[in-house]
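Fold and geometry: a report
One-letter residues, chain by chain:
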Amino acid sequence: MAAQCVTKVELTVSCENLLDKDVGSKSDPLCMLLMNTTGAQWFEVDRTERVKNCLSPKFAKKFVIDYYFEVVQKLKFGIYDIDNKTIDLSDDDFLGELECTLGQIVSSKKLTRPLVLKNQRPAGKGTITINAEEIKDNRVVNFEVEARKLDNKDFFGKSDPYLEFYRQTETGWQLAHRTEVVKNNLNPAWKPFKIPLQSLCNSDMEKPIKVECYDYDNDGSHDLIGTFETNLTRMQQGSHTSPAEFDCVNIKKKQKKKNYKNSGVVSVKLCQVVKEYSFLDYIMGGCQLNFTVGIDFTGSNGDPRSPDSLHYISPNGHNEYLMAIWSVGMVIQDYDSDKMFPAFGFGAQIPPSWQVSHEFPLNFNSSAPFCAGIEGIVEAYRVCLPQVKLYGPTNFSPIINHVARFGAQAAQQKTASQYFVLLIITDGVITDLDQTRTAIVNASKLPMSIIIVGVGGADFSAMEFLDGDNGNLKAPTGEPALRDIVQFVPFRKFQNAPKEALAQCVLAEIPGQVMSYFNMMKLSPPNDPTPAASI
């Protein structure tokens, strides 16, 4: 599966207190950006201009990078003193470098770090500062549109009208949006819809917009009812009590009929330009992703001491559980400032009472179930494994409800400050499916996503059912999930793929889920004072 580019990011670089390598003048620095996404070879992305005689340069040339949330994009900023005209930098003086990830930069928005030499010693007092900015117009236009007295194009019944919005380009009109079809109605009211401002008019309020109204036909031969041209400024003059009204004109009909006025009137009751925050707006604005891990310790995994067990830790220190934790955790940890991750097990008998538990802390500390970084989760797992007895059944709902309690607290905040991601790693058939469906439906109302990674070769049809991509997941009561928040991935599909491939697939839906929740709740990032609906 190919990674999805979330957005383009512009990086601006400046330095302070660079080493002076020139005699009789100051260094002439240049910054080269290298990237590594596969763990193998670094490749050059771009380089800035050379700034002459300057130990604290502010580079004018920006680095523009496609940003992928699911990929650990390692970056290396190398600073060189340029004293010749050759492209090769190996013969230029090295002033220091910074290695980090793009995730660290975008979550910090402004990152300042000391420069180090190749031997990792400080490059004098030199520092580098990187500012990140998303390249995007994140405004959308919210519409509420009705029509009245549209021409009837059908012999039996009434027209089935829909609208198409076009923006003007150098090569002609380009379709920007199509509404749904309202069946059998000459006075339709379309559902509220939104169009990105850039798509509608290239962010120019005065740019012509064409609207066409059609009668839908099943065979595709849709009949044009009428059309009109306007612009965003004109459409914004409407309101619910006094809509902006436009004659829907059919040119052919007008040419034939002397007293022709229109083929109906389109009324724009709402045309509101609002800011719709992107995933990066939330992350760069201070939203924290809180990562929790739940590990399946049920008996179906097999005796951890046996090489046949999914919990068996091989001589090279790996099993499928550990590989899943590393793959997903290494990406998501960049977005959590304190990197203290709660980690739980379920389905095991735990000491000293040997009662079965479905939400026990891996470190056995209920008041502080946190692990320091991904390394801490791995270490807690290794220590916990020989101390518990694998048992059953496979119940998901307790750990989902556990994280949902924190999500419910965060949902009380007035800004988009916290979002929770639960990673469940499991080997088998779920036992409490009805309770889990209820838990997921409830969690869909909260700032929360659930990732399920299936290890081993069991039947995972129930997991695929929970992954509500089609939006049809319902609780046993019939209540539907408000959002799709579950992503299921079978680990063995990725056994022979680069380890980054699992993280890419597992995390591909997280940015959209984060945006869908906070935009639905009309919440702004903590560091952005602009309300989402006031532009």
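Structure shown above.
Residues numbered from 1 in each chain as written. Predicted model: local features only at pLDDT ≥ 70, side-chain atom pairs only at ≥ 80, totals over all residues. Heavy atoms only, no water.

With that settled, the discussion passes to the pairing of strand β25 (residues 448-454). Burial within β25 is extensive, with seven of its seven residues counted as buried. By the alternation rule, side chains of β25 split into M448, I450, I452 and G454 and S449, I451 and V453, which are all buried. Following the chain from strand β24 (residues 418-426) across helix α9 (residues 433-443) to the adjacent parallel β25, one finds a crossover that is right-handed. Pairing analysis gives five bridges linking β25 to strand β26 (residues 486-490), with the strands arranged parallel. Each bridged residue has a counterpart across the sheet, and for V453 the counterpart in β26 is V489. (Buried < 20%, exposed > 50% of the residue type's maximum accessible area, 1.4 Å probe, protein only. Helix = DSSP H or I, 4+ residues; strand = E, 2+ residues; numbered from the N terminus. Right-handed = clockwise from strand over helix to strand, strands pointing away. Pairing = 2+ DSSP bridges.)

With respect to topology, three strands assemble into an open sheet ordered β20-β19-β23, the strand pairing being antiparallel. Across the chains shown, the open sheet's two edge strands, defined by having one partner strand only, are β20 (355-357) and β23 (389-390). Across three bridges, the pairing between strand β19 (residues 348-350) and β20 is antiparallel. The residue of β20 that forms the bridge with Q349 is V356.

If you trace the four strands from one edge of the open sheet to the other, you get β11-β10-β13-β14, paired in antiparallel fashion. A single partner strand is all that each edge strand has here, and the edge strands are β11 (172-178) and β14 (223-230). For this sheet, the mean angle separating the axes of adjacent strands, direction not counted, is 30°. Where strand β10 (residues 161-169) and β11 come together, six bridges link them in antiparallel fashion. (Axes fitted to C-alpha atoms, helices over the stretch in contact; angles between N-to-C directions.)

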